[in-house]
Amino acid sequence: MNLKKRKTLYWEHLGIVSENDYATKNFKKLQMYEKNGYYLGTNLIITMESDMVMLDIKNVEEKIKELLL
């Protein structure tokens with residue numbers, strides 16, 4: 001929750017997007033978020049990683065500073 005803006009944000013971390021079943025399940029989940037009024041960059045934050053692409057910690061820190069502090 002961003003207390004300064006009094007805004008609730010959802011943060012979804014997709015940890016194994018290189019696995020097809022997991023990725024497909026999460027595409028459906030992202031569609032569900034949008035159907036329920038949660039939009040990427042507005043009130044939904046997504047981070048992801050795979051076995052070949054590690055989580056970008058600097059990007060996560062930037063998102064926290066920009067959207068949560």
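Refer to the structure above for everything that follows.
Each value, and the rule that gives it
- Residues numbered from 1 in each chain as written.
- Predicted model: local features only at pLDDT ≥ 70, side-chain atom pairs only at ≥ 80, totals over all residues.
- Heavy atoms only, no water.
- Phe/Tyr/Trp six-rings, centres within 6.5 Å; stacked < 30°, edge-to-face > 60°.
- Helix = DSSP H or I, 4+ residues; strand = E, 2+ residues; numbered from the N terminus.
- Buried < 20%, exposed > 50% of the residue type's maximum accessible area, 1.4 Å probe, protein only.

1. Section: the packing of aromatic side chains
Link 1 in the chain: The full count for this structure, using the stated rule, is two aromatic pairs.
Link 2 in the chain: Seen in terms of ring centroids, Tyr 10 and Tyr 38 are 4.6 Å apart; in terms of plane orientation they differ by 70°. Their pairing is edge-to-face. Residue Tyr 10 is found in strand β1 (residues 10-14), and its partner Tyr 38 is found in the loop between α1 (20-35) and β2 (44-48); the two are separated by 28 residues along the sequence.
Link 3 in the chain: Residue classification places Tyr 10 among the partly exposed positions, given a relative accessible area of 37%.
Link 4 in the chain: Between Tyr 33 and Tyr 38, the aromatic rings sit 6.3 Å apart at their centres with planes inclined by 80°, giving edge-to-face as the arrangement.
Link 5 in the chain: Under the relative-accessibility criterion, Tyr 33 is labelled buried at 14%.
Link 6 in the chain: Its relative accessible area of 25% is what places Tyr 38 among the partly exposed residues.
Link 7 in the chain: Grouping aromatic residues by their ring pairs yields a cluster made of Tyr 10, Tyr 33 and Tyr 38.

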